[in-house]
Amino acid sequence: MLKLIFWPCCFFLMFFKYRSKRWGGIWLALSVVVKPYIALLYIYPLLTRKWKLLVTAISSLIILALLSVFAFGQDVFVSFFNNPVSKVPIVNYTEMVNQSLLATILRLPQYQIIKESLLLNPLYLGISLLLTLITVWVITMKKYSDDWVILSILFLALIVYPASLAHYGVFLIVPIVLLLRQSSQTVKERIAIFFIIFIAY
C-alpha cells in the first residue's frame, strides 16, 4: 500500500516544485503513468499557456508509452485501453473504500447499475462536466496563485476519477498545508478549514 502512494506523491511533488521549468513535464508524465487520474493536470500547462512544459509532458508520455510497448508487447499495451471498465468487478466501483463521485452515485439506494455503461452514467457525466467547467472558469479568472491552479485541478481529478480510493487522500496533504499556512486568514476562515478537513477525513 505504501508503494502505491509513495511514488505517485514523489513524482507529483517533483512536478509541483519544478512546474515552471520545461523538464517539469517529465515528472508530470511519470505521475500519469503510475496514477492515471493525474492526467487531468495536463490542462494546467494548456490553460496557463506554458507550451514548453506541455510539449515536454506529452513527448515524455509518448516515449514512456513506446517503452512499455517494447517491454511488454503491443497486445498488452492495447489491452490496457480496451474497455477496462467491463473487466473490473462492479464491487470495485461500489465498495466504501471507493470515494469517487461515480461510486457515491452508484451507492445511492435503489440505483440500478448497468455495468456496460458505468462511465456513461448521466448524473456522473453531468456533475463531472459542471465541476470541470467551474474549475476551468476559476483558473481563467487569474485571481489565484499558480499553486492553487494546480491544486484545484488535483481536487477535480480525485473527485471525477471513477476509482479514487480512500487512501488517495494523501495527495490532499499539500493543499491542506497550504490552506493552513495562509497568514492573512481570519479565525473564522481557519475554523472553516478545520471543518472541511474534518468532513473530508
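Please refer to the structure higher up on the page.
Residues numbered from 1 in each chain as written. Predicted model: local features only at pLDDT ≥ 70, side-chain atom pairs only at ≥ 80, totals over all residues. Heavy atoms only, no water.

Student: Which residues make up the overall build of the protein chain, and what are the values?
Tutor: For the protein chain, the count of helices and strands is 11 helices and 0 strands. What you see in the protein chain, going N to C, is helices and strands ordered as α-α-α-α-α-α-α-α-α-α-α. Counting the 201 residues in the protein chain, one finds 33% classified as buried. Considering only contacts within the protein chain whose residues lie at least 6 apart along the sequence, 58% involve residues at least 24 apart. Only carbon and sulfur atoms are counted for the fraction: they give 71% of the accessible area of the protein chain, which is about 12,700 Å². (Helix = DSSP H or I, 4+ residues; strand = E, 2+ residues; numbered from the N terminus. Buried < 20%, exposed > 50% of the residue type's maximum accessible area, 1.4 Å probe, protein only. Contact = heavy atoms within 4.5 Å. Areas by Shrake-Rupley, 256 points an atom, 1.4 Å probe, with all protein chains shown as cover.)

Student: Before we move on, could you go through the environment of Lys35 and cite the residues and values that matter?
Tutor: Mapped onto the secondary structure, Lys35 falls in the loop between α2 (24–34) and α3 (43–47). In this structure, the C-alpha to C-alpha distance between Lys35 and Pro8, residues 27 residues apart in sequence, is 6.5 Å.

Student: Before we move on, could you go through the nonpolar core and cite the residues and values that matter?
Tutor: If you look at the biggest cluster of nonpolar residues, it comprises 27 residues, and the most contacted ones within it are Phe12, Phe15, Tyr37, Leu41 and Phe171. Those elements that provide at least two residues to this core are α1 (2–17), α2, α4 (51–72) and α9 (146–160). Here this core takes 7 residues from α9, the largest share from any one element. Setting aside residues no more than four positions away along its own chain, Phe15 makes contact with Gly24, Trp27, Leu28, Leu41, Tyr44, Leu53 and Ile150. (Core = buried A, V, L, I, M, F, W, Y, C linked by side-chain atoms within 4.5 Å.)

Student: Break down the side chain of Thr56 for me, with residues and values.
Tutor: Within the secondary structure layout, Thr56 lies in helix α4. Residues in contact with Thr56, not counting those within four places in the same chain, are Arg22, Trp23, Gly25 and Ile26.

Student: If you had to explain the state of the cysteines to someone new, which residues and values would you point to?
Tutor: Summed over all chains, the structure comprises 0 disulfides. Cysteine Cys9 shares no disulfide, and the gap to the nearest cysteine sulfur, in Cys10, comes to 7.1 Å. (Disulfide = S-S within 2.5 Å.)

Student: Quick rundown of the packing of helix α8 (residues 122–140) against α9? Include the residues and the values.
Tutor: Remark: α8 packs on α9, axes separated minimally by 10 Å, with the N-to-C direction vectors making an angle of 180°. In terms of axis orientation, α8 runs roughly antiparallel to α9. Counting all contacts with α8, which are made through Tyr124, Ser128, Leu131, Thr132, Thr135 and Ile139, the residues of α9 involved are Val149, Ser152, Ile153, Leu156, Ile159 and Val160. A per-class count over the contact of α8 with α9 returns 8 nonpolar, 4 polar and no charged. (Axes fitted to C-alpha atoms, helices over the stretch in contact; angles between N-to-C directions. Parallel < 35°, antiparallel > 145°, perpendicular 65-115°, else oblique. Nonpolar A, V, L, I, M, F, W, Y, C, P; charged D, E, K, R; others polar.)

Student: Quick rundown of the packing of aromatic side chains? Include the residues and the values.
Tutor: As enumerated under the stated definition, the model contains 5 aromatic pairs in all. Residues Phe12 and Phe16 carry aromatic rings whose centres are separated by 6.0 Å and whose planes lie at 35° to one another, so their mutual orientation is tilted. Here the residue Phe12 and the residue Phe16 both occupy positions in helix α1, the gap between them amounting to 4 residues, near one helical turn. Across this residue pair, the class does not change: Phe12 and Phe16 are buried. Summarising the aromatic geometry, the rings of Phe15 and Tyr44 are spaced 6.1 Å apart at their centres and angled 85° between planes, so their arrangement reads as edge-to-face. Taken together, the positions of Phe15 in helix α1 and Tyr44 in helix α3 put the pair 29 residues apart, joining distant regions of the chain. The two residues Phe15 and Tyr44 agree in class, both being buried. The aromatic ring of Phe16 is capped on one face by Arg19, whose charged end is 4.6 Å from the ring centroid. (Phe/Tyr/Trp six-rings, centres within 6.5 Å; stacked < 30°, edge-to-face > 60°. Lys NZ or Arg CZ within 6 Å of the ring centre and 35° of its normal.)

Student: So what's going on with α2? Which residues, and what values?
Tutor: Buried within α2 are the following residues: Gly24, Gly25, Leu28, Ala29, Ser31 and Val32. The buried residues of α2 occupy an angular sector of 155° when the element is viewed end-on, so they sit on one face. (Arc of directions from axis to C-beta.)

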